[in-house]
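Descriptive analysis of the structure
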Amino acid sequence: MATGKEIRGKIKNFESTKKITKAMEMISVSKMRKAQDRMGAARPYSEKVRNIASNLGQANPEYVHPFMVEHPEAKGVGFIVVTTDKGLCGGLNTNILRVLTNKLRDVQAEGKSVRTVAIGNKGLGFLNRIGANVVSHVTQLGDKPHLEKLIGPVKVLLDAYTRGELSAVYVCYTQFINTMRQEPRVQMLLPLSAAEMAEQTQAAGAHAWDYIYEPDAPSVIDNLLVRYVEALVYQAVAENMASEQAARMVAMKAATDNAGNVISELKLVYNKTRQAAITKELSEIVSGAAAISG
């Protein structure tokens, strides 16, 4: 049986751990609110760009952007894998990487090669361990994603698709549903579907407009679709960051509660041990007094 001193040491260690996890929980709450605001602020921009691009595409059906051209004969598929830089966020990264693994298995079963872009340390480490072809990566994004840091690595896959080397490009991230629920998602980024964009525009209640172009419609469509794809990647990173903070908050709360339960159990064991020691000492005193008097 452990001595009282050993139990006191364990209680002190768990109390220190509880303080750390509680502090991390409160930090995650603050960061999650900011990440949610940032995620919500990015949505109207991408929706507006999509609406304008959809209207331009309908008004100029004779011009097809390279992002909308399908390449079924291509032997490669691209994946943009969005994960976190840090751990301690429950099964967030495990879930998205499991979904990614299943998708990679399906693609390779079709006889196609895979090119990946890793956004986040956890995804980069996983892709390196499984021997995936990582063409570019970006890590240490901090608490706020910066579009200029994402454009370069992602452009490698976009250029490869434009050259007809890839049949599709997917973005894999964790979608933020609410504080208690985050879902892994694999979304097709390219090719863009004009019909799907039009449906999303109509579903959002936006009206179709014709525009005055300068310098010309193809140039405007080219720039808009590139911005739209960049906005989709940025939105995926923003969603993943909000999911990270929510998952870390829940994980740290669970760790704090578990530490409290262990401390309560250890205190009970300590009190029993202390009581047993006191009872033993009293028994020895009584026995000694009886021996002297007898």
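For the structure, see preceding data.
What this report covers is the structure whose coordinates are included nearby.

Reading the values: the criteria
- Residues numbered from 1 in each chain as written.
- Predicted model: local features only at pLDDT ≥ 70, side-chain atom pairs only at ≥ 80, totals over all residues.
- Heavy atoms only, no water.
- Core = buried A, V, L, I, M, F, W, Y, C linked by side-chain atoms within 4.5 Å.
- Buried < 20%, exposed > 50% of the residue type's maximum accessible area, 1.4 Å probe, protein only.
- Helix = DSSP H or I, 4+ residues; strand = E, 2+ residues; numbered from the N terminus.
- Contact = heavy atoms within 4.5 Å.
- Pairing = 2+ DSSP bridges.
- Axes fitted to C-alpha atoms, helices over the stretch in contact; angles between N-to-C directions.
- Patch = residues over 30% accessible without salt bridge, like charges linked within 9 Å, V, L, I, M, F, W, Y side chains within 5 Å.
- Areas by Shrake-Rupley, 256 points an atom, 1.4 Å probe, with all protein chains shown as cover.
- Salt bridge = Lys/Arg side-chain N within 4 Å of Asp/Glu carboxyl O.
- 1 Å grid on protein atoms, 1.4 Å probe; cavity = no way out; pocket = protein on both sides within 12 Å on 5 of 7 lines; lining within 4 Å.
- Points joined across faces, edges and corners; volume = space filled by probe spheres on them.
- Nonpolar A, V, L, I, M, F, W, Y, C, P; charged D, E, K, R; others polar.

Formed by 34 residues in total, the largest nonpolar core has its most connected members in Ile80, Ile119, Val169 and Leu190. With eleven residues, the top contributor of residues to this core is helix H6 (residues 217–293). The residues contacting Leu190, other than those within four sequence positions of it, are Phe67, Leu158, Tyr161, Ala168, Val169 and Val229. If you look at the next biggest cluster of nonpolar residues, it comprises 16 residues, including Val81, Leu100, Val107 and Leu127.

This next bit is on the pairing of strand S5 (residues 181–190). Strand direction decides the pairing type here: strand S4 (residues 168–178) and S5, joined by nine bridges, are antiparallel. Bridge assignment links Thr174 to a residue of S5, and that residue is Pro184.

Let us look at the sheet that holds S4. Ordered by their spatial adjacency, five strands build an open sheet running S3-S2-S1-S4-S5, and the pairing between neighbours is mixed. Sheet topology places strand S3 (134–138) and S5 at the edges, where each strand pairs with a single neighbour. Pairs of neighbouring strands in the sheet enclose a mean axial angle of 20°, with direction left out of account. Running over the sheet, H6 touches strand S1 (76–82), strand S2 (113–119), S4 and S5 and is turned about 40° from S4.

Here we come to unusual backbone geometry. Excluding glycine, a negative phi dihedral is what most residues carry, and trans is how most peptide bonds are arranged. A cis geometry characterises the amide bond from Leu190 onward to Pro191, with omega recorded as 0°. Of note, the phi angle at Leu88 is positive, near 60°, even though the residue is not glycine. Its place among the elements puts Leu88 in the loop between S1 and helix H2 (92–109). Non-glycine residue Gln140 carries a positive phi angle of around 55°. Of note, Gln140 is situated in the loop between S3 and helix H4 (147–162).

Taken together, Ile278, Leu282 and Ile285 make up a surface patch of nonpolar side chains, about 270 Å² in accessible area. Within the secondary structure, Leu282 is located in helix H6.

Attention now moves to the layout of surface pockets. One number sums up the size of the second largest pocket: a volume of about 430 Å³. Surrounding the second largest pocket, 26 residues form its lining, Lys86, Asp143, Glu244, Gln245 and Arg248 being those nearest its centre. For the lining of the second largest pocket, the elements supplying multiple residues, two or more each, are helix H1 (4–59) and H6. Here the lining of the second largest pocket takes seven residues from H1, the largest share from any one element. Across the lining of the second largest pocket, the residue classes tally to nine nonpolar, nine polar and eight charged.

Function cannot be read off these values alone, since they describe shape.
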